[in-house]
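Survey of secondary and tertiary structure
Each chain, written out:
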Amino acid sequence: MKRLCAVMMMSLLLMSTGIAAPTGDVFVIGVAPHTSPRVILEMYAPLRLYLEKTFGVPVEIVTAPNFDIFAQRGLAQEFDIAITTGHQARLFQKDAQYTPLLTYKADFKAVALVLANGTIREPADLKEKDVLGLSAASLVTLWGQHWLADNKVTPKSIRYISASDSVAQLVISGDADACFTSLANYQKLNPDVRDQLRILVESKPMAGRVYMLNSRRTAMQKEIDNALWAFAATPEAKKYFENNKLEGYRPLKPTEMEDMDMYVDETRKLIGNVK
Amino acid sequence: MKRMSPWKTVRGRLLILAIGLEALMLTVLIINSIRLLHSAMSNQVQAQAQQFSPVLIAALTAPLAARDYATMQAVVDESQAKGSLDYIVVVDRYGHRLVANGWSTDMPLPEPSKDFSLFENNTAPRYDVIVPIEFQHQSLGELHFGINLSQIVHARQTLFVQGVGIAAIEILLSSLLLLFLGFWLTRHMKALTQASLEVASGNLSPSPVPEGDDDVGRLGAAFNIMSRVIAERVNELTVAKETAEVSEVQLRSITHSANDAILMINPLGAISYWNPAAEQILGYLAEEALGQDLHNLIVPERYLAAYRAGFPEFLRTGQGNAVGKTLELFAKRKDNQEIAISLSLSAVFLYGAWHAVGILRDITERKQYEHKLEQARETAEAANLAKSQFLANMSHEIRTPMNAIIGMSYLVLQSDLAPNQREQLTYLHHAAESLLAIINDILDFSKVEAGKMTLERVPFVLRDTLNECIQMLKPTLDVKSLEFQYENQDAVLALDAPLLLGDALRLRQVLTNLLSNATKFTQKGFVRFGVASSHKENATCVVFTIEDSGIGMSDEQVARLFEKFMQADASITREYGGTGLGLAITGKLVALMGGTIEVKSQLSQGSCFTVEIPFARALVGENPLRERRSSVENFDELKGVRVLLVEDHPVNRKVASNALARAGVVVDIAENGELAVKKLQSLPPETYGAVLMDLQMPVMDGYEATEIIRKDRKFDLLPIIALSTRVMTFEKEKCFQIGMNGFINVPFDPIHLWQSLLRAIRKNTPYLVRNSLQAMRQSIQIDPEMAIQGLHVHEGLNTEAPESEMKGVPDKGLVVDAAWLEAFTDHLGKGDFVAIELWENNSHLLGNRFSPADLEHISKALQQFDFTRALEYFNTGTDR
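Position numbers for residues start from 1 in each chain and track the written sequence from start to end. By the order in which they are written, chains take letters starting at A while ligands take numbers starting at 1. Thresholds applied to this predicted model are a pLDDT of at least 70 for local features of residues and 80 or more for the giving and counting of side-chain atom pairs; totals over whole chains, interfaces and linings are not thresholded and use all residues. Each side-chain value is derived from all of the structure's non-hydrogen atoms; neither hydrogens nor water enter the calculation.

1. Things to note about the overall build of chain B
- A count of helical and extended segments in chain B gives 27 helices and 21 strands.
- Categorising residues by exposure relies on relative accessible area from a 1.4 Å probe, with only protein chains included: less than 20% of the type maximum marks a residue as buried, more than 50% marks it as exposed, and the intermediate range marks it as partly exposed. Looking at chain B as a whole, 42% of its 880 residues qualify as buried.
- A contact between two residues is defined here by any heavy atoms of the two lying within 4.5 Å. A separation of at least 24 residues holds for 64% of the contacts in chain B among residues at least 6 apart in sequence. Runs of E in the DSSP output that reach at least two residues are strands. Runs of H or I that reach at least four are helices, and both are numbered from the N terminus.

Right, here's the structure in full:
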C-alpha cells in the first residue's frame, strides 16, 4: 500500500515537472560506431549522465562492432535513441519507424585523407591504390565510394576499418593510400597525426549523426526532446560539443533526411548481407 | 644399579627435549611456511586477479559496449586459454551472460571468494572473482572469472608433504645423532655414576674413570682427582673423628664420672652444661637446670649483687674477681638448703663469646671435718699446752727444790766445813746433781716423746763443746785410771775452723752420755774419742767415734739398746745403775739433729758408738766468740756490778744472791715483777748492769714485768736475763720475744751465771760508761807530762766513749760514723757474727738514722741470724 502510494506520488511528481519517466528499466542510446566504442562511450558519457539524472533511470550508451551490425540492431528496435549517420538514420526512419529528433550543428562532411606529403593529389591518383573506409555501411564510406565512382576511380582495394582513428594510422603507416572518414573525426585526430595527413577531397555537408527516436518512446518524445535541448545548454554539453567540434544541436532541415535516400538502398543491401 | 626409565635418564630427557623442541620448531616452521605460502599465494592470486581484471576489462569494454559478442568471446577464450583461469564469464548489466568460457551456462555463477584458502577439500580449488565492467561511470556488465588454485594447492600440499618429510627425516637424524651423543656422553657419565656410587658406598678408591682431553674426559680426570682427594680427606677426617670421638668419650667419661659438679654458662648466664655430679650435688636434674640462669638457680641472695656487678665485665673481657681462682662459697640446692662449696671458675672463649666453666665441689662435709679438726686441734693444742704447762710446772716444781738442794749444798761446800761435813755434803750435792740429771733426763725424754724437744740452731765452736764434754769426763777417767785417747786433729777442730750451726747443748748432752757410758762400762783399758769431718758446700758432716774396751754387748742387747728404759739387761742396771733413758734420749737427739748413730760391740771386748751429724756452717769471718769466751773467764769485771735480782722464792733468791755475791756482784732484790718495775723506774736507767728475772712470780710475773720495762726506751740496753726453772723451749722463746737477753736454767751453775751476767753487762753500754767514767774520774790523775799527744782524756771521758775491749773489732760505736757504717755493712753482707756485736753495741746510737721500727726489725733479724734481711732493713733505713 505504501509502495503504491510512492509510485503514484512519483508519477505525479514527474508529471508535474513535465518529464515522464521512460518505461523499462534502461534507456538505451545506440551510437553508430563511427569511432571506437571507448571513444563513443566517452563522448556520450555527459549525455548519458544528464539523461540518467533527468529521467531517473539508467541510460546506456551502446554501439556495435560495425555500422552494418549497428544498422541491424537499430532496425531490430534495440535502441531507444539511435545516433547514427544520416543514411542509417533515414533507413531507421523508413524501415523501423524511428523519428528524427535533431542533429549537430556542425556539418557532417566526409573527407578523403591521404598523406600530407604523399603523391596523391587528385582523385585519379587513387587508382589502383588501397583505400580504407570505415564500415562499408558507413556514410563516409558510401560517399567515398560514390566519389570514386563519380571520379571513375577504381582503387586497388577498399578495406573497411571500424575505427576512424585506426584508418588514419593505417594511411600514415602506409598500409593504405587513402581513407574515407568524417571531417569531424579528422579534426579530432591528434595534431601530430593530423599534420601528417591531407584532405584530398571534402564532401558537401551531409546529414551527420542524427538523433533518431524509437517509436516505442514516442510518448516521451517531447520530454526527450526537451531533455536533449536542455542538455545542449549545459556546460557539459558545451564542452562535449566543443571537444568534438559539433557546435551544438540543431533541428533537422526539411529535406535533410530525404537527401539520404540515395544511400539507403545500398545500406539496406549491405545490412542484409550481414549475418 | 637399577635401570632407569628412558625418560628419566639424561640421555632420554635430552633426546626427548631435543626432539620435542625440534619437532615443535619444525612444526612451527612448516605451519609458518604454509602460512607464508598461503599469504604469498593469496597475495599472488589476488594480484593475479587484479592483473587479470583490468586487462580483461580493458579488452572487454569496447566489445561489451559494442555488443561485439564475438570479440568478447575471443577475448574470453584467449584469456582462459592461458591456463591460469578456470573460467571467464561476462554478463551484461542485467545479469545476462553474454560470453563465457570454462563455465557451463546452466550452472549458476559462483559467488566471489571472500577468503583465500588452500585447504579446501574440493578437487578444483578456485579463486572466484567478480569485477564490474564500467566505463565512464557507465556499468557495462560484470566480469566473472575464477583463478585455478590447483597448482597452488598442489604446491602447498607438496610443500607440506615435503616439509613434513624433511622434518621427519631431520628429526630422525637428530634423534640418531642425539642418541649417539647421549650414549657417548652417558657412557662416561655411567662410569662416573658407578664410581660415585662406589664412593658413596664407602669404597673411597674406585676404579679410575676414563680420562681424556675433551670436556667429558676432563670431567673424568677431575673426578679421579676428586675421589683421590676425598679418600685422603676422609681418611684424615676419619682419624680426626675417631680421635675426637675418643676425646669426646674420654671427656664425657670424665665429666660424667667426676664427683665434682661441672657446669657451664653461656654469655646469657644460662646453664649450658650440667653433669650428673651437678645433679646430685645441687639437686636439679639436667633438664631442669639447662637453660636456667645459674645465679638465680643456685647462688644465695647475698652473692647476687657481686655477680651482677661483675658479669658484664666478664662478658666483655673474660676476666673477673673469681675467674681463675678457687673460692670457698655457699650454694643453694633445689631444696633451698645451703651447702659449702669449693668453686673453681674459668673462662673459655667459644663461638665469639666468653663462657664460664665452673667445677664445684661440695665441701660441706670437709668443712664439718675441718671444724671438727679445728676443734680437735684446739683440743689437742689445749691438751698440748696443758701438757707443756704440766711439764713446765713439773719442771719448775722439781727444779725449785732441787735448786735449793744443789745450790745450798754448793754454797755450804764453799764454806769452811769439817771433813766429815764436807764429805757428807759432797755426797748430798752429788746425789742432788745426780737426781737433777735424772730429772733432766726424764724431762728431756718427756719433751722428746711429746714432740716438744726443739733444737737450737746457733753458731757454736765445736772444739769448745767437745772440750767441755771431756772436762766433765776427766774426773771419772782419773778415778778409773782409764786411758783417754782424743783424736782431735781434724780440721773441724782447728782454731780457725768455721762455726757450725747447731744446738751445742744437746750435742754436748749426746757426747757426754756416750762418753759417760763408755767410761762407766769400762773398768780398764781405754776410752777413745775420735772426731772426723767431711765438708760439702755449706755443710760439715762430723763423725764422732766413742770407743771403749769395756764390757761390750751382745747383738741382742745392741738391738734393744736405744729403747727407752732399757739397759743392756737388768744386771747392768743393778751393777751400774742408770734409768735407761740416756741412750734413748741420745738416739732421739741424734735423729732430731738429722744424724745417725751406730753401735758395734762385742761382749767383753768393748763397744764402739759412731755418731754422724751434719752441721751447716755459719758464715763467719773471725771468731770473736772464741776470744770473748776466753775473756769471760775473768770474772773480776763483775766486781762491783750492781744487779737487780727479781725472785719471789726465798731459797732461790738466797742461792742466786750468794752465787752473785761470790763474784763480787752487788745484788738488789725485788720479790716480784711489780716491785722490780717500780725500783727500776725510780732509778736512773744505768743504775743496774743487768736484771735477773724469775718468770713465775706472784703479783706480777717476769714476763709482764719485762714487757713493762721494755716499753720504756731508756731501758733498751738494760740486759734482762731470765732465771727460771722453766726450761721448756716455748718458755725460752717467749722470754726472747718479750725482750729478754738471756736465759739461765735453775738450778744453775754459778760459773754459767757469771758468764751470762758478764756477757750481758758488756752490752749495757750506758751502765759501763757511767761506771767506768766514775771509776776513771776517781782514779785517774791527769799528768800533763804523761799526756799522750792527741789524747784528750777529760774530753774523751766527757763524751762517754770507753775503749772497746774486743780485738779486731772497730770502735763499739760511741761515734757512729761512715767508717762504722761501712764496717757494719761489710760484716752484715758477709753474715759475720761481728755484725751482731756491732749492732748490739751501737744500735742505740742510730736513733737519728733509723726509726724505732727499723731498729726493731734489724735487731730481730740479727737475733734470728738472718743477715740478709737485716741488711735489707739496714739499707732501707740508710736510704731513707
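2. Remarks on the overall build of chain A
- Helix and strand content of chain A: eleven helices and eleven strands.
- Within chain A, the proportion of its 275 residues that are buried is 53%.
- Pairs at least 24 residues apart make up 79% of the contacts formed inside chain A by residues separated by at least 6 positions.
- For chain A, the exposed area adds up to about 12,100 Å²; of that, 54% sits on carbon and sulfur atoms. Throughout, the Shrake-Rupley method with a 1.4 Å probe supplies accessible areas, and for residues the shown protein chains are the sole cover considered.

3. Quick notes on the packing of helix 11 (residues 462–480) of chain B against helix 12 (residues 504–520) of chain B
Residue and element names in this part refer to chain B.
- Only the stretch in contact is used when fitting a helix axis, every axis being a line fitted to C-alpha atoms; angles between N-to-C directions are given from 0 to 180 degrees. Remark: helix 11 packs on helix 12, axes separated minimally by 9 Å, with the N-to-C direction vectors making an angle of 25°. With respect to helix 12, the element helix 11 is oriented roughly parallel. Helix 11 and helix 12 meet at a crossing whose hand is right-handed. Counted together, Leu462, Thr465, Leu466, Glu468, Cys469, Met472, Leu473, Thr476, Leu477 and Lys480 of helix 11 and Ala504, Leu507, Arg508, Leu511, Thr512, Leu515, Ser516, Thr519 and Lys520 of helix 12 form the full contact between these two elements. Our angle categories are set so that under 35 degrees counts as roughly parallel, over 145 as roughly antiparallel, 65 to 115 as roughly perpendicular, and the remainder as oblique. Take the far helix as your reference; a near helix turned counterclockwise from it by less than a right angle gives a left-handed crossing, and one turned clockwise gives a right-handed crossing.

4. Let's talk about a nonpolar patch on the surface
- Judged by side-chain polarity, Ile169(B), Leu172(B), Leu173(B), Leu176(B) and Leu179(B) come together as a nonpolar surface patch covering roughly 480 Å² of accessible area.
- Following the sequence through the fold, Leu176(B) ends up in helix 3 (residues 150–200). Nonpolar side chains (Val, Leu, Ile, Met, Phe, Trp, Tyr) within 5 Å and like charges within 9 Å form the patches, drawn only from residues with over 30% relative accessible area and no salt bridge. Only one rule defines a salt bridge in this text: a Lys or Arg side-chain nitrogen within 4 Å of an Asp or Glu carboxyl oxygen.

5. Points about the interface of chain A and chain B
- The interface of chain A with chain B comprises 18 residues on the first partner and 17 residues on the second.
- A buried area of about 1,500 Å², summed over both sides, lies between chain A and chain B, and 53% of it is on carbon and sulfur atoms.
- For the chain A face of the interface with chain B, the top three residues by lost area are Arg38(A), Leu41(A) and Glu60(A), together amounting to 38%.
- On inspection of chain A and its partner chain B, the count reaches one salt bridge.
- Under this definition, polar contacts are N or O atom pairs within 3.5 Å; protein pairs additionally need one hydrogen-donor-capable and one acceptor-capable atom, and for neighbouring residues in sequence, both atoms have to be side-chain atoms. Across the contact surface, chain A and chain B share nine residue pairs in polar contact (both at pLDDT 80 or more). Summed over both partners, the accessible area lost on bringing two parts together, with a 1.4 Å probe, is the buried area.

6. Details of the side chain of Arg250(A)
- Looking at the secondary structure, you find Arg250(A) in strand 11 (residues 249–250).
- Excluding its chain neighbours within four sequence positions, the residues that come into contact with Arg250(A) are Leu102(A), Thr103(A), Tyr104(A), Lys105(A), Trp229(A) and Glu256(A).

7. A closer look at the pattern of salt bridges
- What the rule picks out here adds up to 32 salt bridges over all chains.
- For the salt bridge of Arg250(A) with Glu256(A), the shortest nitrogen-to-oxygen distance reads 2.5 Å.
- Between Arg316(B) and Glu313(B) there is a salt bridge, with its nearest N and O atoms 3.0 Å apart. Pair noted here: Arg316(B) and Glu313(B) are both in helix 8 (residues 301–317), with a separation of three residues, about one helical turn.
- The class of Arg316(B) is exposed, set by a relative accessible area of 61%.
- Each of the salt bridges in this network shares a partner with another, and the network as a whole consists of Glu328(B), Arg366(B), Lys367(B) and Glu370(B).

8. Topic: the sheet that holds strand 2 (residues 97–101) of chain B
Residues and elements named next belong to chain B.
- The four strands are arranged 2-1-4-3 in an open sheet whose pairing can be described as antiparallel. The sheet is open, and its two borders are formed by strand 2 and strand 3 (126–135), each paired with just one other strand. Looking at each pair of strands side by side, their axes are set apart by 15° on average, direction ignored.
- Strands qualify as paired when DSSP identifies two bridges or more between them. Sheet topology note: the strand 1 (residues 85–92)/strand 4 (residues 138–148) ladder contains seven bridges and is antiparallel. Bridge assignment links Val91 to a residue of strand 4, and that residue is Glu142.

9. Some thoughts on helix 18 (residues 673–682) of chain B
All names here are of chain B.
- For helix 18, every residue scored as buried is listed here: Gly673, Ala676, Val677 and Leu680. The buried residues of helix 18 occupy one face: seen down the axis, they fall within an arc of 100°.
- Looking at the buried side of helix 18, the elements it contacts are strand 17 (642–646), strand 18 (666–670), strand 19 (690–693) and helix 19 (702–711).
- The distance from a side-chain oxygen at the start of helix 18 to the backbone nitrogen of Glu674 is 2.9 Å, and the residue carrying that oxygen is Asn672. Directions pointing from the helix axis toward each C-beta atom define the arc.

10. A few points about helix 21 (residues 750–763) of chain B
All names here are of chain B.
- For helix 21, spanning 14 residues, the distance from its first C-alpha to its last is 20 Å, which sits close to the expected 20 Å at 1.5 Å a residue.
- Helix 21 sits mainly inside the fold: ten of its 14 residues count as buried.
- Inspection of helix 21 places Pro750, Leu753, Trp754, Ser756, Leu757, Leu758, Arg759, Ala760, Ile761 and Arg762 among the buried residues, and these make up the whole buried set. For a helix, the expected span equals 1.5 Å multiplied by the residue count minus one.

11. Quick look at the sheet that holds strand 18 of chain B
All names here are of chain B.
- Strand order in the open sheet made by the five strands is 18-17-19-20-21, with parallel pairing throughout. Edge positions in the sheet fall to strand 18 and strand 21 (742–745), since each has one partner strand and no second. Direction aside, the axes of adjacent strands within the sheet are offset by 25° on average.
- The pairing of strand 17 with strand 19 spans four bridges and is parallel.

12. Section: the side chain of Arg333(B)
All names here are of chain B.
- Relative to the elements of secondary structure, Arg333 occurs in the loop between strand 7 (325–332) and strand 8 (338–350).
- Look at Arg333 and you get buried, because its relative accessible area is 18%.
- The contact partners of Arg333, leaving out residues within four places of it in the chain, are Gln280, Ile281, Leu282, Gly283, Tyr284 and Ile339.

13. Points about the pairing of strand 3 of chain B
Residue and element names in this part refer to chain B.
- Of the pairings in the sheet, the one linking strand 3 to strand 4 comprises ten bridges and is antiparallel in character. By the bridge assignment for strand 4, Tyr127 is matched with Ile147.
- Where strand 3 folds back onto strand 4 in an antiparallel hairpin, the turn is made up of two residues, including Gln136, whose phi is positive at roughly 55°.

14. Focus on the environment of Lys334(B)
All names here are of chain B.
- Structurally, the position occupied by Lys334 is in the loop between strand 7 and strand 8.
- On the accessibility criterion, Lys334 (40% relative accessible area) is partly exposed.
- Spatially, the C-alpha atom of Lys334 lies 8.0 Å from that of Leu297, the residues being 37 residues apart in sequence.
- Beyond its immediate stretch of four places on either side in the chain, Lys334 contacts Leu282, Gly283, Tyr284 and Glu288.
- Of note is the side chain of Lys334, whose polar atom sits 2.7 Å from the side chain of Glu288.

15. Notes on the pairing of strand 18 of chain B
Residues and elements named next belong to chain B.
- Relative to strand 18, strand 17 runs parallel, the two being bridged by five bridges. Residue pairing across strands places Val643 opposite Val667, the latter belonging to strand 18.
- Where the polypeptide runs from strand 17 across helix 17 (residues 650–662) and back to strand 18, its parallel neighbour, the crossover connection is right-handed. A crossover counts as right-handed when, viewed with the strands pointing away from the observer, the path leading from the first strand over the helix to the second turns clockwise.

16. Observations concerning unusual backbone geometry
- For Glu128(A), which is not a glycine, the phi torsion comes out positive at approximately 60°.
- The residue Glu128(A) is located in the loop between strand 5 (110–115) and strand 6 (130–133) in this model.
- Located in the positive-phi region is His137(B), a residue other than glycine, with phi close to 65°.
- In this structure, His137(B) sits in the loop between strand 3 and strand 4.

17. Observations concerning the confidence of the model for chain B
Residues and elements named next belong to chain B.
- In predicted models, pLDDT denotes the confidence assigned by the predictor to each residue on a 0 to 100 scale. Looking at chain B, pLDDT values average 81 and 85% of them are 70 or higher.
- Note that pLDDT drops below 50 for residues 621–632; the model gives that stretch 26 contacts with residues more than four away or on any other chain.
- Segment residues 777–815 is flagged for pLDDT under 50; beyond a separation of four residues in sequence, or across chains, it makes 41 contacts in the model.
- Predicted complex, confidence summary: ipTM 0.73, pTM 0.39.

18. Regarding the packing of aromatic side chains
Residue and element names in this part refer to chain A.
- Note on aromatic contacts: the rings of Phe and Tyr and the six-membered ring of Trp form a pair at centre separations within 6.5 Å, being stacked when their planes are under 30 degrees apart, edge-to-face when over 60 apart, and tilted otherwise. What the rule picks out here adds up to 29 aromatic pairs over all chains.
- Taking 5.6 Å as the distance between ring centres and 25° as the angle between the ring planes, the aromatic pair formed by Tyr104 and Tyr249 counts as stacked. Taken together, the positions of Tyr104 in strand 4 (residues 99–104) and Tyr249 in strand 11 put the pair 145 residues apart, joining distant regions of the chain.
- On the accessibility criterion, Tyr104 (2% relative accessible area) is buried.
- Seen from their ring centres, Trp147 and Phe180 are 6.3 Å apart, and the 75° between their planes marks the pair as edge-to-face. With Trp147 in helix 5 (residues 139–150) and Phe180 in strand 8 (residues 178–182), the pair connects residues that are 33 residues apart, well separated along the chain. No difference in accessibility class separates Trp147 from Phe180, as the two residues are buried.
- The structure contains a cluster of three or more aromatic residues connected by ring pairs, namely Tyr44, Tyr50, Tyr104, Tyr211, Trp229, Phe231, Tyr240, Phe241 and Tyr249.

19. Observations concerning the confidence of the model for chain A
Residues and elements named next belong to chain A.
- Of the residues in chain A, 89% have a pLDDT of 70 or more, and the chain-wide mean is 84.
- Ranking the elements of chain A by mean pLDDT puts helix 1 (residues 2–17) last with 46 and strand 10 (residues 210–213) first with 95.
- Here residues 5–23 is a poorly scored stretch, pLDDT under 50, and it has 18 contacts once near neighbours within four places are set aside; other chains count.

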